[in-house]
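This is what each chain is made of:
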Amino acid sequence: METVVSGIRSTGKLHLGNYYGAIQNFVKMQHEYNCYFFIADLHSLTTHPTPSDLHGNVKQVLVEYLAAGIDPEKATIYVQSDVPETAELYLYLNMNAYLGELERSTSFKDKVRTQPDNVNAGLLTYPVLMAADILLHRATKVPVGKDQEQHLEMARTFGNRFNRLYNHEYFPEPYAFNFSDNLVKIPGLDGKGKMGKSEGESNVVNLSDTPEVIRKKVLKAVTDSGPTAENQEKPVEIQNLFDLMKVVSSVDTYEHFDNLYNTCQIRYGDLKKQLAEDMIIATAPIREKIKEIEQDSSYLRQVARHGAIKARESASKTIREIREIIGFKNF
Ligand code: TRP
């Protein structure tokens, strides 16, 4: 059976972008593959969370994974820092990752732009740590959103380079995976790019947001003054709202508003109201489960312990084999 690995950086609440870009695929894949889904708390250290924020964020993601339907009996759910083999593989891969290629990564260049006073080495080698997560279980499929494609390509590069250096076909090539044809990109509410917390809390709709908060955020989404000619191409901020509608609303609803747009009769207020209500409906079952699961510390503890044990079984086997390939020997 093919192995699947994916994770989400623990920076707090998960949003619709995480859900539709990744988690929905996790939930489907757990029935068909050998799955490892982790909480990337080591990656989150690049932004220096306080100890209590760190733990709170890990807990939040664990709760929301479970609430969204990842089943710890089917998939291995674990906290990245519970598996120290990750850090060991990261070290080995770093010996073979070159400054030039790391500096060219889009995500690194974005961080240099958005947090110029904290350009640490962890940020630079973020794709190496991510490759370690994937190669640690020798995974071939990685359910991620479109923004992670370049990281996947780097993971293949690092795995192949290791194989060539030691003349050993050890790591298989991991590829981004999505059940639909294209990797999904969920836009945010700010009228620009993807849904992501780095663009501000008002840009994201969280799985745990209350209906009132969702309505407020969606009503504030950026729009323009409306179409002036029939069948006019939609400007990006309007296209974004339609893209979101495509994900959470019915086909009929989508077509209704698309027709209104194309005939210049659209009222954005109505579209936003509908979009907010459909988001509320789509997230309601998860929101309910979050409230339930977050109270249950003994269940959460049991899931994390069980996951760490299973993940370390797979990880320690890889590390044992790699140490041998590299040439470490006991005296
Ligand atoms: N970089 C991913 C993100 O920002 C998170 C991540 C870390 C990940 N390690 C991974 C995803 C390994 C897939 C596989 O969403």
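Note that the coordinates shown come from a computational prediction; the quantities given were computed from them, not determined experimentally. (Residues numbered from 1 in each chain as written. Predicted model: local features only at pLDDT ≥ 70, side-chain atom pairs only at ≥ 80, totals over all residues. Heavy atoms only, no water.)

Visitor: Any chance you could explain the nonpolar core here in plain terms?
Guide: Soluble, globular proteins show a tendency: their nonpolar side chains are buried together. Counting 59 residues, the largest nonpolar core has Ile 23, Tyr 65, Ile 70 and Met 279 as the members making the most contacts within it. Considering every element that reaches this core, the biggest residue donor is helix α13 (residues 268–293), with 9 residues. When we break this core down by domain, the ones giving at least three residues each are domain 1 (3–177 + 297–326) and domain 2 (197–291). With residues up to four places along the chain from it excluded, the contact list for Met 279 reads Leu 16, Val 205, Ile 214, Val 218, Leu 244 and Val 248. Ranked by size, the runner-up nonpolar core spans 37 residues in total, among them Tyr 36, Leu 152, Tyr 170 and Ile 325. (Core = buried A, V, L, I, M, F, W, Y, C linked by side-chain atoms within 4.5 Å. Buried < 20%, exposed > 50% of the residue type's maximum accessible area, 1.4 Å probe, protein only. Helix = DSSP H or I, 4+ residues; strand = E, 2+ residues; numbered from the N terminus. Domains from an automatic or database assignment. Contact = heavy atoms within 4.5 Å.)

Visitor: Just to check I follow, could you spell out the side chain of His 137 for this structure?
Guide: Positionally, His 137 belongs in the loop between α8 (126–135) and β4 (141–143). Residue class for His 137 comes out buried when judged on its relative accessible area of 6%. Residues in contact with His 137, not counting those within four places in the same chain, are Thr 3, Val 5, Tyr 36, Tyr 78, Ala 311, Ser 314 and Ala 315.

Visitor: Hey, could you run me through the domain arrangement of the protein chain in this one?
Guide: A common way to report how large an interface is uses the accessible area buried once the components associate. For the protein chain, the domain assignment lists domain 1 (3–177 + 297–326) and domain 2 (197–291). Counting from both sides, the interface comprises 13 residues of domain 1 and, opposite them, 14 residues of domain 2. Put simply, domain 1 and domain 2 have 0 salt bridges between them. Along the contact surface separating domain 1 from domain 2 lie 3 residue pairs in polar contact (both at pLDDT 80 or more). Mapped by element, the contributors of at least two residues to the side of domain 1 that touches domain 2 are α1 (16–29) and α3 (51–68). (Salt bridge = Lys/Arg side-chain N within 4 Å of Asp/Glu carboxyl O. Polar contact = N/O pair within 3.5 Å; in protein donor to acceptor, adjacent residues only side chain to side chain.)

Visitor: What exactly am I supposed to notice about the packing of aromatic side chains here?
Guide: Given two aromatic rings, their pairing is described by the distance between the two centres and the angle made by the two planes. Scanning the entire structure with this criterion turns up 12 aromatic pairs. A ring pair is formed by Tyr 33 and Phe 177, whose centres lie 6.2 Å apart and whose planes are at 70 degrees; its orientation type is edge-to-face. Here Tyr 33, found in the loop between α1 and β2 (34–40), pairs with Phe 177, found in strand β5 (residues 175–177); they are 144 residues apart in sequence, far enough to count as distant. Ring geometry for Phe 162 and Tyr 166: centres 4.8 Å apart, planes at 50 degrees, overall tilted. Residue classification places Phe 162 among the buried residues on the basis of a relative accessible area of 3%. Of the residues examined, Tyr 166 reaches a relative accessible area of 28% and is grouped as partly exposed. Among the aromatic residues, those joined into a cluster by ring pairs are Phe 162, Tyr 166, Tyr 170 and Phe 171. The ring of Phe 242 has Lys 234 lying over it, and the distance from NZ or CZ to the ring centre is 4.4 Å. (Phe/Tyr/Trp six-rings, centres within 6.5 Å; stacked < 30°, edge-to-face > 60°. Lys NZ or Arg CZ within 6 Å of the ring centre and 35° of its normal.)

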